[in-house]
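Each chain, written out:
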Amino acid sequence: MCGIVGFTGNRNASSVLLDGLKKLEYRGYDSAGIAVSGEQGIQMDKTCGAINKLVEKTNDGATLEGKAGIGHTRWATHGAPTDENAHPHLNKDESFAIVHNGIIENYSQLREELREFGYEFQSETDTEVIVHLLDHYYTGDFRIAVMKTIARLEGSYALGVLCAEHPGEIYAVRENAPLILGVGVEENYFASDVTALVANTKNVIYLEDGQFAHITADDISVFNAVGSQVEANITRIAWDIEAAEKGGYDHFMLKEIIEQPNAIKATIEPRIQNDEIVLDDLAFGANELKKINKIVITACGSAYYAGCQGKYIIEELCKIPVEMDLASELRYRNPLIDENTLLIAVSQSGETADTIAAMKECKARGATVLSIVNVVGSTIAKLSDYVIYTWAGPEIAVATTKGYTTQVATIDLLAVYMAKQLETISDERYVELIHSIRQMPALVQRSIDLNTNIHEVAKQYAQKDSIFFIGRYSDYAVSLEGSLKLKEISYIHSEAYPAGELKHGTIALIEDERLVIALACHERLFDKMMSNIKEVKARGACVLGVALEDNREIFKEADHVIAVPNIDPLFVPIAEIIPLQLFSYYVALENGCDIDKPKNLAKSVTVE
Ligand code: M6R
């Protein structure tokens, strides 16, 4: 989705902006542009299509001269992906330029009002009203114009603003959209995502909603909505630029799959101290937990599927009913949620619009909100009563892998922690579970090592036009994630079904050579799964079985077998998803798909 960057310093801004925009490409976009302010006033160039087109058009930025500038990648919402609709937008005399990430909800009304004042619009965007408002309110004081403008806006916005009469200065504004300031030496930056900053600086300021910043080469001043200066805390980013680079891998997705043992280690290791789970970030213990009579888990996409794993383990260990609720549905229901409900919101990016709306709805009804988030300082983290960060590091591929498994690992930690607090498990079981959690990184590594032939297996099935996944209990939730992974990067139609549901309709679609991936990693359900496998084989399907590594039975029916290391049944999902991620990756590779940036998808879905 849209991304913004800004720079001011003592060198040409354009190349810094173009580099920053390249780092935001992974978020998904359809046009890009930059504007700089310098001795010639404001100069701007933009184009639909890839950033490389903009690089060529501007001769790597050389055609635009100025030491302060703003840049944008646009993912079209209001208006088609055309040059006119691309950002930055300028006012009539080109004295202001703005970039915007978010949606201005009252733009129609503002448009009418501005038309009455004689303003003409060049684009179909909601954004363009902002630049005309700046023009309308400007009487020589840049800050006053910015403040008056933002007072008129409703909706979500992260803005970067340039004014020709104030070269070297930028205003950056945040309201319900991510915006981070980068603190450099004799130069400063802003961006919607730390990945665009970290090559230049690891010192950042997370702006709060309602705050805006005045940025020059030597200073950053942060103000609240009424214009009073507030203290800005500098935080150090915990990872290096290499973490956001491919590091020799062909794709970010493959790198991120292989990184999972380390990512999971980073999630769990600091939280197990002296054989106890320590969730420093969670200041509620037994008394608060005992008041909770229902847990609702909300999220979208893969984060929702990570939450589905949470339902099994939390109900099993904590004996609290858990409801799963897709955020896009929850937000428009009349949910039965009150002050005895714990809402767990799961999100890699921390910026997913539906999840944010669902959280707000539940908060308003009195729920305690705990979020499981990867991106530090994100909107979801800020909105929550409690946050547990997954510490997965930057995830660049649109299809989540380490984001998902670290969410599952975090939920596992949380479930065991809560069960201990609630005394719903014995001390012996607690020790056993902690032992298994500690083994997770090694078992995930084993899951990678066990399946060295997965590329070959994927090659055999890469031409299928429809692939079914079946499983029972938590294998079913893994099937959902496995199927999503496959369809989003390879564009192959795929469905995931609870195996027992097949004969209630879906089995009609099973025919000769149809591939069914059957997940059968739970010993107590294995015979049931074998019956389901026989059912689909009898109708001509090929079966790719997924089973624990010492299971020999599966070979009797499956055409190929994917092995999963032995682990406590509660933690099987985290090891089981790894070969399915690899399978999807290699199927997409065989089909020549754009694996890291699948068509139509964005990394962080900041609009409804
Ligand atoms: O950033 P979030 O975890 O909130 O994102 C939720 C979904 O949009 C995300 O998981 C999406 O389904 C991924 N593309 C799946 O790979």
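Just so you know, these numbers come straight off a predicted model, no measurement behind them.

**Q** Would you take a moment to explain the packing of helix H7 (residues 260–268) against helix H14 (residues 427–450) for this structure?
**A** Each packed pair of helices is defined by two parameters, the angle between the axes and the distance between the axes. At a minimum axis distance of 8 Å, the contact between H7 and H14 shows a crossing angle of 170°. With respect to H14, the element H7 is oriented roughly antiparallel. Where H7 approaches H14, its residues Gln 260, Pro 261, Ile 264, Lys 265 and Ile 268 are matched on the opposing element by Ile 437, Met 440, Pro 441, Val 444, Gln 445 and Ile 448. The residue inventory of the contact of H7 with H14, partitioned by class, reads eight nonpolar, two polar and one charged.

**Q** Looking at this model, I keep getting lost on the site of the ligand. Mind explaining?
**A** What surrounds the ligand is a group of 15 residues, the closest being Ser 347, Gln 348, Ser 349, Thr 352 and Glu 488. One nitrogen or oxygen atom from the side chain of Ser 349 is found 2.6 Å from an oxygen atom belonging to the ligand. Those elements that place two or more of their residues in the shell around the ligand are helix H9 (301–318) and helix H16 (474–490). Here the shell around the ligand is composed, by residue class, of five nonpolar, eight polar and two charged. Shared between two domains, the shell around the ligand takes at least three residues from each, and those domains are domain 2 (252–445) and domain 3 (454–590).

**Q** What exactly am I supposed to notice about the nonpolar core here?
**A** Generally speaking, a soluble globular protein has its nonpolar side chains buried in company with each other. Membership of the largest hydrophobic core comes to 131 residues, with the highest contact counts inside it found for Ile 295, Ile 314, Leu 317, Ile 344, Ile 517 and Phe 583. Every residue in contact with Ile 314, bar those within four places of it in the chain, is listed here: Ile 295, Ile 297, Lys 319, Ile 320, Val 322, Ile 344, Ile 411, Ala 415 and Met 418. By size, the runner-up hydrophobic cluster in this structure holds 29 residues, among which are Ile 130, Leu 133, Ile 150 and Leu 159.

**Q** Sorry if this is basic, but what is going on with the sheet that holds strand E6 (residues 96–104) here?
**A** Note on sheets: strands pair through backbone hydrogen bonds, and any given pair is parallel or antiparallel. Sheet architecture is open: seven strands sit in the order E5-E6-E7-E8-E12-E13-E14, paired in antiparallel fashion. Both edges of this open sheet fall to strand E5 (89–90) and strand E14 (229–230), since each of them pairs with a single strand only. The pairing of strand E7 (residues 155–163) with strand E8 (residues 170–175) spans five bridges and is antiparallel. Considered in E8, the bridge of Val 161 is made with Tyr 171. Where helix H4 (residues 128–137) meets the sheet, it contacts E5, E6 and E7, and its direction lies at approximately 135° from that of E6.

**Q** Just checking my understanding: could you explain the domain arrangement of the chain for this structure?
**A** It is common to give the size of an interface as the accessible area that goes away when the parts come together. Partitioning the chain into structural domains gives domain 1 (3–244), domain 2 (252–445) and domain 3 (454–590). Domain 2 puts 30 residues into the contact, and the matching count from domain 3 is 25 residues. Taken over both partners, the interface formed by domain 2 and domain 3 buries close to 2400 Å², and the fraction arising from carbon and sulfur atoms is 73%. Three residues stand out in domain 2 for area buried against domain 3, namely Tyr 305, Tyr 312 and Leu 443, and they jointly supply 24% of the buried area on that side. Across the contact surface, domain 2 and domain 3 share one salt bridge. Between Asp 568 and Arg 429 there is a salt bridge whose closest N-O contact spans 3.0 Å. Joining domain 2 to domain 3, the criterion identifies seven residue pairs in polar contact (both at pLDDT 80 or more). Where the side of domain 2 that touches domain 3 is concerned, the elements lending two or more residues are helix H6 (252–258), H7, H9, helix H13 (402–422) and H14. The biggest single contributor to the side of domain 2 that touches domain 3 is H9, with nine residues. Classifying every residue of the side of domain 2 that touches domain 3 gives 19 nonpolar, eight polar and three charged.

**Q** Honestly, the packing of H14 against helix H18 (residues 572–590) in this entry has me stumped. Any pointers?
**A** At a minimum axis distance of 9 Å, the contact between H14 and H18 shows a crossing angle of 25°. Classified by the angle their axes make, H14 and H18 are roughly parallel. For the element pair H14 and H18, the recorded crossing hand is right-handed. Contacts between H14 and H18 involve Met 440, Val 444, Ser 447 and Ile 448 from the former and Ile 574, Ala 575, Ile 578 and Pro 579 from the latter. The residue makeup of the contact of H14 with H18, split by class, is seven nonpolar, one polar and no charged.

Cut-offs and rules
Residues numbered from 1 in each chain as written. Predicted model: local features only at pLDDT ≥ 70, side-chain atom pairs only at ≥ 80, totals over all residues. Heavy atoms only, no water. Axes fitted to C-alpha atoms, helices over the stretch in contact; angles between N-to-C directions. Helix = DSSP H or I, 4+ residues; strand = E, 2+ residues; numbered from the N terminus. Parallel < 35°, antiparallel > 145°, perpendicular 65-115°, else oblique. Contact = heavy atoms within 4.5 Å. Nonpolar A, V, L, I, M, F, W, Y, C, P; charged D, E, K, R; others polar. Near = heavy atom within 4 Å. Polar contact = N/O pair within 3.5 Å; in protein donor to acceptor, adjacent residues only side chain to side chain. Domains from an automatic or database assignment. Core = buried A, V, L, I, M, F, W, Y, C linked by side-chain atoms within 4.5 Å. Buried < 20%, exposed > 50% of the residue type's maximum accessible area, 1.4 Å probe, protein only. Pairing = 2+ DSSP bridges. Buried area = accessible area lost by both parts, 1.4 Å probe. Salt bridge = Lys/Arg side-chain N within 4 Å of Asp/Glu carboxyl O. Left-handed = near helix turned anticlockwise from the far one by under 90°.

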